[in-house]
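Now for the letters of each chain:
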Amino acid sequence: VCGVAVGYPLDTVKVRIQTEAKYTGIWDCVRDTYHREQLRGFYRGLSLPVCTVSLVSSVSFGTYRHCLAHICRVRYGSADAKPAKTDITLSGFASGLVRVFLTSPTEVAKVRLQTQTQAQQRRRPSASGPLATPPTCPVPPAGLPAGPKYRGPLHCLATVAREEGLRGLYKGSSALLFRDGHSFATYFLSYAILCEWLTPAGRSRPDVSGVLVAGGCAGALAWAVATPMDVIKARLQADGRGRRRYRGLLHCVLTSVREEGPRVLFKGLLLNCCRAFPVNMVVFVVYEAVLRLTQGLLT
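Rules of the game
- Residues numbered from 1 in each chain as written.
- Predicted model: local features only at pLDDT ≥ 70, side-chain atom pairs only at ≥ 80, totals over all residues.
- Heavy atoms only, no water.
- UniProt positions renumbered as here; feature names shortened; annotations may be inferred.
- Helix = DSSP H or I, 4+ residues; strand = E, 2+ residues; numbered from the N terminus.
- Expected span 1.5 Å × (residues − 1).
- Bend = angle between axes of the 7 residues up to and from the residue.
- Buried < 20%, exposed > 50% of the residue type's maximum accessible area, 1.4 Å probe, protein only.
- Polar contact = N/O pair within 3.5 Å; in protein donor to acceptor, adjacent residues only side chain to side chain.
- Contact = heavy atoms within 4.5 Å.
- Core = buried A, V, L, I, M, F, W, Y, C linked by side-chain atoms within 4.5 Å.
- Phe/Tyr/Trp six-rings, centres within 6.5 Å; stacked < 30°, edge-to-face > 60°.
- Patch = residues over 30% accessible without salt bridge, like charges linked within 9 Å, V, L, I, M, F, W, Y side chains within 5 Å.
- Areas by Shrake-Rupley, 256 points an atom, 1.4 Å probe, with all protein chains shown as cover.
- Salt bridge = Lys/Arg side-chain N within 4 Å of Asp/Glu carboxyl O.

Named according to an unreviewed UniProt entry, the chain is Solute carrier family 25 member 47 originating from Muntiacus muntjak. In its Sequence similarities (unreviewed entry) section, the UniProt entry covering the chain states "Belongs to the mitochondrial carrier (TC 2.A.29) family."

K.L.:
Could you give an account of helix α1 (residues 2-19), naming the residues involved and the relevant values?
P.N.:
At 3.6 residues per turn, the α-helix brings residues three or four places apart onto the same side. An ideal rise of 1.5 Å per residue puts 26 Å on 18 residues; α1 measures up with 26 Å between its terminal C-alpha atoms. At Tyr8, α1 shows its largest bend, some 55°, and a proline, Pro9, comes one to four positions later. Among the 18 residues that make up α1, 14 are buried, leaving the element largely enclosed by the rest of the structure.

K.L.:
Just give me the short version of the environment of Glu37, but keep the residues and values in it.
P.N.:
Among the secondary structure elements, Glu37 is positioned in helix α2 (residues 26-37). A polar contact is formed between the side chain of Glu37 and the side chain of Arg16, at a distance of 2.7 Å.

K.L.:
I'd like a description of the side chain of Ser190, backed by residues and values.
P.N.:
With respect to the element layout, Ser190 can be found in helix α8 (residues 173-198). Not counting chain neighbours up to four residues away, the residues in contact with Ser190 comprise Ala218 and Leu221.

K.L.:
Go over unusual backbone geometry with me, naming the residues and quoting the values.
P.N.:
One non-glycine residue, Gln38, lies in positive phi territory at about 60°. By the element assignment, Gln38 lies in the loop between α2 and α3 (47-76).

K.L.:
A description of the nonpolar core should follow, citing residues and the corresponding values.
P.N.:
With 17 residues, the main nonpolar core has Phe61, Tyr187, Phe188, Tyr191 and Phe284 as its most contacted residues. Those elements that provide at least two residues to this core are α3, α8, α9 (208-238) and α11 (269-298). Top contributing element to this core by residue count: α8, with six residues. If we skip the residues at most four places from it in the chain, Phe61 touches Tyr187, Phe188, Val283, Phe284 and Tyr287.

K.L.:
Could you give an account of the packing of aromatic side chains, naming the residues involved and the relevant values?
P.N.:
Applying the stated criterion across every chain, the model contains eight aromatic pairs. On the basis of an interplanar angle of 10° and a centroid distance of 3.9 Å, the ring pair of Tyr64 and Phe188 is categorised as stacked. Taken as a pair, Tyr64 in helix α3 and Phe188 in helix α8 lie far apart in primary sequence, 124 residues in all. Side by side, Tyr64 and Phe188 carry an identical accessibility label, which is buried. Ring centres of Tyr191 and Phe284 lie 3.7 Å apart, and the angle between their planes is 15°; on these two criteria the pair is classed as stacked. Taken together, the residues Tyr191 in helix α8 and Phe284 in helix α11 connect sequence positions 93 residues apart. Through successive ring pairs, a cluster of aromatic residues spans Phe61, Tyr64, Phe184, Tyr187, Phe188, Tyr191 and Phe284.

K.L.:
Please give an account of a nonpolar patch on the surface that cites residues and values.
P.N.:
A cluster of nonpolar side chains, Trp197, Leu198 and Val213, forms an exposed patch at the surface whose accessible area comes to about 320 Å². Take Leu198: it is sitting in helix α8.

Structural data, given as C-alpha cells:
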C-alpha cells in the first residue's frame, strides 16, 4: 500500500506514454493530464490496486521465501542454509509467475481507467467526412465531452467480463508472464547481492540506509528488465476499448516496432526506473521492518 501511494501518479503517466503516441515526453504528458483533469487524473483507477496490493505482495514475497526455503532444504538439508544466486533467481522467477494470476484483472482495469480520457477523445463523433456514420441514438452537443465508459474499477471489471468474457480480464497476461517472471528474478537477486555488499562487517543484515539503497536499486534494475514487456502488456490491455488492433503478443510487438521503431519497447523506461527507486525503497524498508516485528512477536 505504501509503495502504491508513492508511485501511482507516475504509473499513470507511464501507461499513457506507452499507449498514446501523441505525447512527446514525460512532461508533455504531465502537463496535458493536469491541464485537462487536474490532480485527480493522476489517480484514475487507484482504489483497486490499493485494495488488492496487500494480497498480491504477500503472495509474491511469501512465494519467494517459501520457494527459497524449499530449495535450500532439498539442496543443502536445511531451510536456513545460505542460498546460492541461482536459488534466489529461481525463487524470484516463481514469485513473479504466481502473481500474474492475481494481478492480470486488476491491471486490465487500471490500464483501461488510466487511458479512458484518450479513448473518449478518439471516439467523439465526427460532424462530417466520408467515414462519418449516422448516429443510432441522440448525440450530446459537440461542445460536451462523451460520458466515461467505465465509472470505476468494479464497473470496469464487470463491463470487460460482459463484453469480452473472462478472457478479457486476462488480456495481456502472456506479456505479463514474461514481464514479471524475469523482472522479479532480477528484483530479488539484485536486492540480495546489494544487501550483501552493504552489510557492515560483523553483522548479518544491512542497516536502514543499506536497505533503502538496495531496495531502490533493485526496483530500478527490475523495471529496466521489465519495460519492453510492460509496453506490450499495456497496449494489449488497452486494446479492448474500441476496435481491436492487436491479434496477440507477437503481433503487438511486430506492429509496434514496425510503426514506431525499436525505441517503442523502451517507452517509459526512464519513468519506470525513477518511479521504482522511491517506491521500492519504501517497500523493502516496510517489509523488513514488519518481518522483524512479526519474528520478534513469534519468538
